[in-house]
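# Structure at a glance
For reference, the chains in residue letters:
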There are 4 protein chains.
Amino acid sequence: MPDAPHLYRHRVRFRECDKMGVVYHVHYLDWFEVARTEALRDLGLPYKQIEESGYILPVTDLAAKFHQPARYDDEIIVETRVSISKSAVRITCEYVIRREADELKLVTGHVTLCFFDPERSRPVAAPDEFLRILRGDR
Amino acid sequence: MPDAPHLYRHRVRFRECDKMGVVYHVHYLDWFEVARTEALRDLGLPYKQIEESGYILPVTDLAAKFHQPARYDDEIIVETRVSISKSAVRITCEYVIRREADELKLVTGHVTLCFFDPERSRPVAAPDEFLRILRGDR
Amino acid sequence: MPDAPHLYRHRVRFRECDKMGVVYHVHYLDWFEVARTEALRDLGLPYKQIEESGYILPVTDLAAKFHQPARYDDEIIVETRVSISKSAVRITCEYVIRREADELKLVTGHVTLCFFDPERSRPVAAPDEFLRILRGDR
Amino acid sequence: MPDAPHLYRHRVRFRECDKMGVVYHVHYLDWFEVARTEALRDLGLPYKQIEESGYILPVTDLAAKFHQPARYDDEIIVETRVSISKSAVRITCEYVIRREADELKLVTGHVTLCFFDPERSRPVAAPDEFLRILRGDR
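Heads up: these notes are all about the structure in this document.

Criteria and cut-off values
- Residues numbered from 1 in each chain as written.
- Chains lettered and ligands numbered in written order.
- Predicted model: local features only at pLDDT ≥ 70, side-chain atom pairs only at ≥ 80, totals over all residues.
- Heavy atoms only, no water.
- Helix = DSSP H or I, 4+ residues; strand = E, 2+ residues; numbered from the N terminus.
- Buried < 20%, exposed > 50% of the residue type's maximum accessible area, 1.4 Å probe, protein only.
- Contact = heavy atoms within 4.5 Å.
- Buried area = accessible area lost by both parts, 1.4 Å probe.
- Salt bridge = Lys/Arg side-chain N within 4 Å of Asp/Glu carboxyl O.
- Polar contact = N/O pair within 3.5 Å; in protein donor to acceptor, adjacent residues only side chain to side chain.
- Nonpolar A, V, L, I, M, F, W, Y, C, P; charged D, E, K, R; others polar.
- Pairing = 2+ DSSP bridges.
- Axes fitted to C-alpha atoms, helices over the stretch in contact; angles between N-to-C directions.
- Least-squares fit on C-alpha atoms with pLDDT ≥ 70 in both.

### Brief notes about the overall build of chain A
The helix and strand inventory of chain A stands at 3 helices and 7 strands. Reading the helices (α) and strands (β) of chain A from amino to carboxyl end gives β-α-α-β-β-β-β-β-β-α. Over its C-alpha atoms, taken along the principal directions, chain A stretches across nearly 45 × 30 × 20 Å. Buried residues in chain A amount to 59% of all 138 residues. Taking the contacts inside chain A whose residues are at least 6 apart along the sequence as the reference set, 66% of them involve residues at least 24 apart.

Here it is as structure tokens:
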């Protein structure tokens, strides 16, 4: 697994801001998803390939702390660190969202997903080919 | 088809308001969908039953005019009038959204959907049992 | 504070379901917000009144666990328990979301908000009139 | 005004797809907004500058036709053509959304906005400095 986090850039949209002129808190979780999708693509494991191999990746838990608000038209960066559990069943993404201009930390959090076999309707270990990628054994 | 429109009540949520303190325009289209779902359920044709009969109902076109804005915590009413085309392929929903307190007209518009057979991947006429319901021949 | 949780009913909408036919996880957090708004209104402290008294209530942290998925057209119930911190600065809402039909537990979580004075740009204690309501000393 | 449309690229996200595996129709209107924001920025008139000059730009009407669906992970392009009315009060954005791979036309539509003075609470003509930019008299 790479030591440096994956970086995803986003500019805050009008529709993401609330009456206070700041980002409505739930949208940060939408950015977590996009950042995670791009982080997996960059590792060489696009989500579409996971799906086509017969797995899905439901979210099992998440948490977030909101330190400072992002504002309309701010450019922000989502740092994503992906790790896989020893059991090979769970992927955890650790996130830090910063304002690009001054690197101010806005939001921190994590999302955990599990490899799930929809046929058998239960969590399963990731196959070896995915593990090699997720563990950086390339 | 009933002459009176179906009425759907909604209270404007915090997350639906933008920096101006008014509803972000795209959310009115979300309310169109909920109102249409409930209008069909009331007619006796829940969308789930349409799906289970092997049809889907993609939206083919829509339009909306925004006359006055709704504000946070306003109670609004979506009036929906459902009609089916002569060919039995298209459903059109005509909408008026009003503020409940004074009946002020906020938004008008329509959404057209078509009966679609995903197996044959093309638009089809609605089956007779649906037509009887949609045309009010009960 | 009442011992029984506030109950908010919702029927899962088409737009809330993802490609798997289950609710996309972020929407549960939208329901948390609506449920909290209605819980505060029921206690006698509508969010609009909080705003009009010169306070805002930003979310400072949240967490959620996803046990079982909700599906299209399911009727679900959000149970909300509201509590106020000893310092009177923070409100915590504890949530359980259940499928109404069989009371199956789908999601659990919490959201913490703080009383915030936008003029002075810092967290503050809730005023006594709010505390009496939030602590149930009526 | 430039003859070539502004081009905005987007990759379809998981949360934008519905149970049919295609983009839920309302999200195309979200993309209209982002494309319009970037088109105005490219012309040299960022929305933030419009706001800071004391105007807002509410949407007055919109329409869309859905020709073919976009699917998960598709790369799509939103073409935007911006024009200003003779009266200088209304901006219209004409849109074509295509799948990048084969240029298949997915969605067409338009959104009309008006220059609005929130102080006087009524539509107004755009100031000359904005008109020069919007009419391409540079």
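The rest of the description comes next.
### Structural notes on the interface of chain A and chain B
Of the residues lining the interface, 9 residues belong to chain A; the matching set on chain B comes to 9 residues. Here chain A meets chain B over a buried area of about 940 Å², counting both sides, of which 77% is carbon and sulfur. Of all residues in chain A, F14, K19 and Y24 of chain A bury the most surface against chain B, accounting for 59% of the area lost on that side. Between the two partners, chain A and chain B, sit 0 salt bridges. Seen at the junction of chain A and chain B, the total is 0 residue pairs in polar contact (both at pLDDT 80 or more). When the residues that make up the side of chain A that touches chain B are grouped by side-chain class, the tally is 5 nonpolar, 1 polar and 3 charged.

### Section: the sheet that holds strand 5 (residues 105-114) of chain D
Remark on secondary structure: sheet strands pair via backbone hydrogen bonds, oriented parallel or antiparallel. Pairing is antiparallel across the open sheet formed by 10 strands, whose spatial order is 1(B)-3(B)-4(B)-5(B)-2(B)-2(D)-5(D)-4(D)-3(D)-1(D). With one partner strand each, in any of the chains shown, strand 1 (6-11) of chain B together with strand 1 (6-11) of chain D form the two edges of the open sheet. Averaged over neighbouring strand pairs, the angle between their axes works out to 15 degrees when direction is ignored. By the bridge criterion, 9 bridges tie strand 4 (residues 90-99) of chain D to strand 5 of chain D in an arrangement that is antiparallel. When the sheet's bridge partners are listed, I91 of chain D is paired in strand 5 of chain D with L113 of chain D. Running at roughly 60 degrees to strand 3 (residues 75-84) of chain B, helix 1 (residues 26-43) of chain B makes contact with strand 1, strand 2 (59-66), strand 3, strand 4 (90-99) and strand 5 (105-114) of chain B together with strand 2 (59-66) of chain D of the sheet.

### So, the relation of the copies chain A and chain C
The two copies are related by a screw motion: chain A maps onto chain C through a turn of 180 degrees and a shift of 0.0 Å along the axis, at an RMSD of 0.0 Å. Read as a symmetry element, the transformation amounts to a two-fold axis. When each C-alpha of chain A is compared by its distance to the rotation axis, A63 of chain A comes out closest, at 2.0 Å.

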